[in-house]
Amino acid sequence: MEHEKFSTVAQSLIRIFGVSALDAVGRETGFCQRHRLVTASRLVLGLLEVMASGTARCIADLHRGFNALAGTTVQYKPFHNQLAKPAFATLMRTVLGRALEELAVEALRFSPESPFAQFAHICIQDGTSFAVKPALADRYPGRFTAISPAAVELHVDLNLLEERVNRVVMTPDCATERTFLPEAEAVTGGLLLADRGYFDTGYLRTLSQTGGHFIVRAGTGINPLVLRATGPDGRAIKGAANQPLKTLLTKLGKLDHADLWVRFESKGQGFECRIVAHPNPKEGRLRYLVTNLDPDVFSPAHISDAYRLRWQIELLFKEWKSFAGLHRFDTANPHIVEGLIWAALCAATLKRYCAHRTQHLFEVAVSTQRVAKCIHHVLRNILAALLYEPDRLPHHVEHALRYLAGNAQRAHPDRDRKTGRLKLGLEHVYLGA
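Residues numbered from 1 in each chain as written. Predicted model: local features only at pLDDT ≥ 70, side-chain atom pairs only at ≥ 80, totals over all residues. Heavy atoms only, no water.

**Student:** Mind showing me how you'd approach the overall build of the protein chain here?
**Tutor:** Helix and strand counts for the protein chain come out as 16 helices and 12 strands. The C-alpha radius of gyration of the protein chain comes to 24 Å, within 12% of the 22 Å expected for a compact globule of 433 residues. Considering only C-alpha atoms, the protein chain reaches an extent of 80 × 55 × 35 Å along its principal axes. A buried classification covers 56% of the 433 residues belonging to the protein chain. Total accessible area on the protein chain stands at roughly 18800 Å², and carbon and sulfur atoms take up 49% of it. Positive and negative side-chain charges in the protein chain, numbering 53 and 42 respectively, have mean positions lying 5 Å apart. (Helix = DSSP H or I, 4+ residues; strand = E, 2+ residues; numbered from the N terminus. Rg over C-alpha atoms; globule rule 2.2 N^0.38 Å. Buried < 20%, exposed > 50% of the residue type's maximum accessible area, 1.4 Å probe, protein only. Areas by Shrake-Rupley, 256 points an atom, 1.4 Å probe, with all protein chains shown as cover. Lys, Arg positive; Asp, Glu negative; His and termini not counted. Charge placed at Lys NZ, Arg CZ, Asp CG, Glu CD.)

**Student:** How do you make sense of the pattern of salt bridges when you look at a structure like this?
**Tutor:** Opposite charge on two side chains permits pairing when their charged atoms draw close. For the structure on display, the rule yields 25 salt bridges. One salt bridge connects Asp305 with Lys423, and the closest N-O pair in it is separated by 3.3 Å. One end of the pair, Asp305, is in helix α10 (residues 300–308); the other, Lys423, is in the loop between α16 (413–418) and β12 (426–428), and 118 residues separate them in sequence. Ionic contacts of the salt-bridge type, sharing partners, join the residues Asp126, Asp195, Arg310 and Glu314 into one network. (Salt bridge = Lys/Arg side-chain N within 4 Å of Asp/Glu carboxyl O.)

**Student:** Is there a simple way to think about the packing of helix α14 (residues 376–388) against helix α15 (residues 393–407) in this case?
**Tutor:** The description of two packed helices rests on the angle between their axes and on the distance between the axes. Between α14 and α15, the shortest axis-to-axis distance is 9 Å and the interhelical angle comes to 165 degrees. Judged by the inter-axis angle, α14 sits roughly antiparallel to α15. α15 is crossed by α14, and the crossing has left-handed handedness. Where α14 abuts α15, its residues His377, Val378, Asn381, Ile382, Ala385 and Leu386 lie against Leu393, His396, Val397, His399, Ala400 and Tyr403. The residue makeup of the contact of α14 with α15, split by class, is eight nonpolar, four polar and no charged. (Axes fitted to C-alpha atoms, helices over the stretch in contact; angles between N-to-C directions. Parallel < 35°, antiparallel > 145°, perpendicular 65-115°, else oblique. Left-handed = near helix turned anticlockwise from the far one by under 90°. Contact = heavy atoms within 4.5 Å. Nonpolar A, V, L, I, M, F, W, Y, C, P; charged D, E, K, R; others polar.)

**Student:** Help me out: how do you make sense of α14 in this one?
**Tutor:** Every α-helical turn comprises 3.6 residues, leaving residues that sit three or four positions apart pointing alike. For α14, spanning 13 residues, the distance from its first C-alpha to its last is 18 Å, which sits close to the expected 18 Å at 1.5 Å a residue. Turning to α14, its buried residues number three or more, namely Val378, Leu379, Ile382, Leu383, Ala384, Ala385, Leu386 and Leu387. (Expected span 1.5 Å × (residues − 1).)

**Student:** Please clarify how the nonpolar core should be interpreted in this entry.
**Tutor:** As a rule of thumb, soluble globular proteins bury nonpolar side chains together. With 117 residues, the main nonpolar core has Phe17 and Trp320 as its most contacted residues. In terms of residue count, the dominant contributor to this core is helix α12 (residues 334–362) (16 residues). The contact partners of Phe17, leaving out residues within four places of it in the chain, are Leu22, Leu45, Leu48, Val95, Ala99, Leu103, Leu350 and Leu386. Membership of the second largest hydrophobic core comes to 33 residues, among which are Cys123, Tyr203, Leu286 and Val290. (Core = buried A, V, L, I, M, F, W, Y, C linked by side-chain atoms within 4.5 Å.)

**Student:** Mind showing me how you'd approach the sheet that holds strand β11 (residues 285–291) here?
**Tutor:** Adjacent strands of a sheet pair through backbone hydrogen bonds, lying either parallel or antiparallel. Pairing is mixed across the open sheet formed by 10 strands, whose spatial order is β4-β3-β2-β5-β6-β11-β10-β9-β7-β8. Every interior strand has two partners, whereas the edge strands, β4 (164–172) and β8 (243–244), have only one. Taken together, the seven bridges between strand β10 (residues 269–280) and β11 define a ladder with antiparallel strand orientation. Across the sheet, Val276 pairs through a bridge with Leu289, a residue of β11. (Pairing = 2+ DSSP bridges.)

**Student:** Is there a simple way to explain the packing of aromatic side chains in this structure?
**Tutor:** Two aromatic rings are characterised by how far apart their centres lie and by the angle between their planes. Applying the stated criterion across every chain yields a total of eight aromatic pairs. Measuring from centroid to centroid gives 5.4 Å for Phe66 and Phe79, while their planes differ by 40 degrees, and the two rings are tilted. With Phe66 in helix α4 (residues 59–70) and Phe79 in helix α5 (residues 76–83), the pair connects residues that are 13 residues apart, well separated along the chain. Like Phe66, the residue Phe79 is buried in the burial classification. With a centroid separation of 6.1 Å and 25 degrees between ring planes, the pair formed by Phe119 and Phe298 is classed as stacked. (Phe/Tyr/Trp six-rings, centres within 6.5 Å; stacked < 30°, edge-to-face > 60°.)

**Student:** Just checking my understanding: could you explain the side chain of Arg217 for this structure?
**Tutor:** Relative to the helices and strands, Arg217 resides in strand β6 (residues 213–218). For Arg217, a relative accessible area of 11% translates into the label buried. Those residues in contact with Arg217 that sit more than four places away from it in its chain are Ala194, Asp195, Arg196, Phe199, Asn280, Glu283, Arg287, Tyr288, Leu289 and Tyr307.

**Student:** Please explain helix α2 (residues 19–28) as it appears in this structure.
**Tutor:** Looking only at α2, the buried set comprises Ala21, Leu22, Asp23, Ala24, Val25 and Gly26. Gly30 sits one or two residues past α2 and shows a positive phi near 80 degrees.

**Student:** Looking at this structure, I do not really get unusual backbone geometry. What am I missing?
**Tutor:** Both trends apply: most residues other than glycine have a negative phi, and most peptide bonds are in trans. Of note in the backbone geometry, Asn242 takes a positive phi value of approximately 60 degrees without being a glycine. Considering the arrangement of structural elements, one finds Asn242 in the loop between β7 (225–230) and β8. The exposure class assigned to Asn242 is exposed, which follows from its relative accessible area of 52%. Phi angles above zero are rare outside glycine, and Glu363 is one such case at about 50 degrees. Mapped onto the elements, Glu363 comes out in the loop between α12 and α13 (368–374).

**Student:** Help me understand the side chain of Ser12, please; the structure alone is not making it clear to me.
**Tutor:** Position of Ser12 relative to the elements: it lies in helix α1 (residues 2–17). The contact partners of Ser12, leaving out residues within four places of it in the chain, are Glu102, Leu103 and Tyr353.

**Student:** Would you mind going over the packing of helix α3 (residues 40–53) against α12 with me for this structure?
**Tutor:** Running from N to C, α3 and α12 cross one another at 75 degrees; their axes reach a closest spacing of 9 Å. Between α3 and α12, the interaxial angle falls into the category roughly perpendicular. In contact with Leu47, Leu48, Met51 and Ala52 of α3, α12 contributes Leu340, Ala343, Ala344, Cys346, Ala347, Leu350 and Lys351. Looking at the contact of α3 with α12 residue by residue, the classes come out as 10 nonpolar, no polar and one charged.

By themselves, these are just geometric observations and shouldn't be taken as functional.
Below, the structure written as structure tokens:
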């Protein structure tokens, strides 16, 4: 039985990262039309190893890592020429898409007692950006031209319960964030968490109409009509009803929090929803969390604690940039830039899959960040087995996951339940649980 469990994991890896699968993608995308030393399978697996180590700082590092895993002596120029092909970016984007679809494992779920158990999924939307070589400013113009004339942004929809990405889109850093919000139908039956850059009353109205729920932070410039308002004691705030929000700032700023029912007017259409307002000492102003969650079921504390779960996508971005090689490489070739971005995300996706499988098979709460830091010690054997000895892959998978079970457990599970991400009733999902 134990062997079968690890064989199941190995088969999932072979379907995405096996030699036949990768070389087939290479042919489909036009990356490889005839046999070369730099095959799609050798290149992808070589990049995964170097990216997963987090040590690649230049293309020469990738070249040396490729030669080490593939056992070749390909020179730098022909290696670079393969990366410079437009099909390289297509190859890596296709592999990432298949990995995101195939390597999905439920990692968290809400206990039946939690009011959030009613949601089939929790979507967290955000973006992360970083500079690329200034010579790419025409293709990837940045927002801060004096500091970073060229920059890209990744717009990401994270599935919290699976701790994996549903969708990622790469654009110039100057692109409008709201454009990349998930389709309203995709949120139906679930809950969307998003920062103030994604606040759009028209979109939120559509979410409500299609059965989706949301907690979205709004900027301080909003000024809806307050229909009713209650303070921390649950009593109505005197003089607040039927007043514009901005006329109540002084009064609301003196309270620990206020629960408001408001009406927005947008393009001739009214939209009623709820705002939980808190003073924000760091910014010296109120923080507005806009939601359509039922106040009879979800308290202001529930709304605030749920919004803090949005921090999980920031931790994902940290993993990408610190431990998966997502950073600026010294190249002005846009195909290399894009391809290496998708390669870094492939490495990060593989790491998270190993983390979740470890949690399931060994019934321990695993830290994805700790896995990201240490998996490179055992990942090379898995990648080499995929390339040369697929029959031995279950053995190497077992060795790697046992290593992670002993070295990547979450450090403070009690704190997680009291003040961390498990506070609202989230639980780790184990195999057979």
